[in-house]
Amino acid sequence: MNNREKFYDHVAQTSDAPMGLEVDYAEGPYIYTTDGRQYVDFISGIAVSSLGHRHPKVVEAVKKQADQHLHVMVYGEFIQEPQSAYADLLTSQLPSSLDRVYFVNSGTEANEGALKLAKKHTGRHKFVAFNHGYHGDTHGSLSVTGRDVYQDPYKPLLPNVHFLDFNSFEALDTIDEQTAAVIMEPIQGEGGIIPAQKKWLKNVRQRCNEAGALLIFDEIQTGFYRTGSLFAFEQYDVVPDILCLAKAMGGGMPMGAFVSSSKIFESFMYNPPLNHVTTFGGHPVSCAAAHATLSELLSDDYGYKADQIESIARKELTADGISEVRGVGAMLGMELKNTELTRQVVEDCMDQGIILGWTLHSDTLVRLAPPLIIDLELLQDIFKKINGTIKKYCQQ
Ligand code: PMP
């Protein structure tokens with residue numbers, strides 16, 4: 001059996017149509033396949049490889065830590081330098097109310113932890129979430145993911161979750177004194193790259209303050225300069241009570257975290273102690289990779305790079321089949337006129353060596369999330385090719 005056969009026969013599948021590229025190696029903005037082809041990764045492994053693939057500083061940190069130690073103890077017991085150093089660096093970049101980091105291994109785990117922390121801290125169990133929001137596929141995160149088609153097969157889920165329309169002012173009255181937390185993405189990713197309106201987000205914050213509910217920002221996709229600032233909340237001038245992170249955080253290693261205040265995190269320490277633990281959360285190799293990633297991101301103007309990606313996209317993507325280019329920085333979506341055109345463009349681009357993709361809740365939106373390290377000439381060339389491909393199908 002070759003690798004392809006083993007994959008199709010023995011690796012659990014998530015759909016009947018996987019993209020099926022057989023990866024040989026990856027470097028910078030490129031993925032190379034075993035048949036010798038070069039692909040430009042224009043979705044960064046779904047908003048993960050912001051520094052490109054195998055960034056030398058990340059690889060160096062991984063190797064160095066692998067020589068030092070791997071797993072030594074479950075999370076929270078031993079003092080491990082990669083964890084402490086990274087928590088210190090990350091919190092130095094955050095408002096003083098976000099001074100403590102709980103490390104996990106993925107986005108959904110970050111959200112699970114945040115929901116439990118909000119329940120424990122407030123003593124309440126009502127949650128408010130948003131239609132078309134996406135927070136992950138474990139039971140808690142799925143319970144606050146705003147799409148029936150993904151929830152229905154797994155019901156009953158968490159009770160007392162109320163879904164509101166994103167950017168709707170009227171809906172905010174649902175946030176009341178029974179609400180433990182509001183969970184949301186400042187820019188909905190899988191929902192189709194939909195930014196929150198600034199004034200509305202401030203109202204959400206205000207309503208949470210009035211009701212004594214916590215505000216959880218899921219910045220799993222928007223974090224680490226994807227939208228032009230280190231975190232999207234900076235552009236909104238709204239600070240969440242709990243910040244959830246993953247994806248680009250580990251520079252290609254599995255890594256996630258939820259960040260909050262020391263006061264809020266106290267509720268995890270008592271009644272009973274050890275009420276939220278994890279074996280692998282804060283793995284030393286992942287923490288070393290995350291530290292190298294953030295250090296690199298802070299050493300250059302990656303926010304400006306994300307902004308440049310947006311302006312080039314908006315300049316080049318002008319074909320008739322495009323109804324809208326939306327998003328912020330390097331978290332962009334291109335809405336095409338119909339599903340068939342979207343499928344044709346994504347498939348044709350793949351044949352040309354450009355990896356594009358859909359978002360989970362929309363089949364007319366093409367996701368554009370290039371790595372922030374991408375060379376501007378290459379970027380321009382790819383946008384021109386995408387635009388030309390759309391034109392080609394619109395003329396037929
Ligand atoms: N929240 C958001 C906003 C996401 O985009 C994702 C992943 N697409 C998740 C949570 C879940 O992350 P993971 O797949 O690492 O569990």
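Residues numbered from 1 in each chain as written. Predicted model: local features only at pLDDT ≥ 70, side-chain atom pairs only at ≥ 80, totals over all residues. Heavy atoms only, no water.

I'm lost on a nonpolar patch on the surface in this one. Help?
On the surface, a cluster of nonpolar side chains totalling about 300 Å² of accessible area is made up of Val72, Met73, Val74 and Phe78. As for its position among the elements, Val74 is in the loop between helix H3 (56-68) and helix H4 (81-92). The exposure class assigned to Val74 is partly exposed, which follows from its relative accessible area of 31%. (Patch = residues over 30% accessible without salt bridge, like charges linked within 9 Å, V, L, I, M, F, W, Y side chains within 5 Å. Areas by Shrake-Rupley, 256 points an atom, 1.4 Å probe, with all protein chains shown as cover. Salt bridge = Lys/Arg side-chain N within 4 Å of Asp/Glu carboxyl O. Helix = DSSP H or I, 4+ residues; strand = E, 2+ residues; numbered from the N terminus. Buried < 20%, exposed > 50% of the residue type's maximum accessible area, 1.4 Å probe, protein only.)

Looking at this structure, I do not really get the side chain of Asp241. What am I missing?
Mapping Asp241 onto the fold places it in the loop between helix H9 (233-236) and strand S11 (242-245). According to the relative accessible area criterion, Asp241 is buried, its value standing at 18%. In this structure the side chain of Asp241 is engaged in a polar contact, spanning 2.9 Å, whose partner is the side chain of Arg205. Residues within four places of Asp241 in sequence aside, it is in contact with Leu98, Arg205, Ala213, Leu214, Leu215, Val259, Ser260, Ser261 and Ile264. (Polar contact = N/O pair within 3.5 Å; in protein donor to acceptor, adjacent residues only side chain to side chain. Contact = heavy atoms within 4.5 Å.)

Please explain the pattern of salt bridges as it appears in this structure.
Side-chain pairing between opposite charges can occur once the charged atoms of the two side chains come close. Applying the stated criterion to the full structure yields 19 salt bridges. As a salt-bridge pair, Lys126 and Asp176 come within 3.0 Å of each other at their nearest N and O atoms. Placement of the pair is Lys126 in strand S5 (residues 126-130) and Asp176 in the loop between strand S6 (161-164) and strand S7 (179-184), with a sequence separation of 50 residues. Summarising the burial analysis for this pair, Lys126 and Asp176 share the class buried.

I would appreciate a short explanation of the site of the ligand in the present structure.
Looking at the ligand, there are 13 residues lining it, with Gly107, Thr108, Asp218, Gln221 and Lys247 nearest. One of the side-chain N or O atoms of Asp218 is found 2.7 Å from a nitrogen atom in the ligand. A distance of 3.3 Å is found between a nitrogen atom of the ligand and a side-chain nitrogen or oxygen belonging to Lys247. Coverage of the ligand by the protein chains reaches 81% of its 400 Å² of free accessible surface. (Near = heavy atom within 4 Å.)

Which parts of the structure should I look at to understand the sheet that holds strand S10 (residues 214-218)?
Within a sheet, each strand pairs with its neighbour through backbone hydrogen bonds, oriented either parallel or antiparallel. Here we have 7 strands laid out as an open sheet, ordered S4-S12-S11-S10-S7-S5-S6, and mixed in their pairing. Here the strands that pair on one side only, and so sit at the sheet edges, are strand S4 (100-104) and S6. Along the sheet, successive strands turn relative to each other by an average axial angle of 20°, direction set aside. (Pairing = 2+ DSSP bridges. Axes fitted to C-alpha atoms, helices over the stretch in contact; angles between N-to-C directions.)

What exactly am I supposed to notice about the domain arrangement of the protein here?
In many reports, interface size means the accessible area that the parts give up when they come together. The domain boundaries assigned to the protein delineate domain 1 (3-55 + 301-394) and domain 2 (57-299). A straight line from the C-alpha centre of domain 1 to that of domain 2 covers 26 Å. At the interface, 30 residues of domain 1 touch 32 residues of domain 2. The contact between domain 1 and domain 2 buries some 2,700 Å² in all, and 62% of this surface belongs to carbon and sulfur atoms. The largest contributions to the domain 1 side of the interface with domain 2 come from His55, Met331 and His361, which together make up 31% of the buried area. Applying the counting rule to domain 1 against domain 2 returns 1 salt bridge. One salt bridge in this structure joins Glu190 and Arg367, with 2.8 Å as the shortest N-O distance. Inspection of the domain 1/domain 2 interface yields 20 residue pairs in polar contact (both at pLDDT 80 or more). For the side of domain 1 that touches domain 2, the secondary structure elements donating two or more residues are helix H2 (44-47), helix H12 (302-316), strand S13 (322-328), strand S14 (331-336) and strand S17 (362-368). (Domains from an automatic or database assignment. Buried area = accessible area lost by both parts, 1.4 Å probe.)

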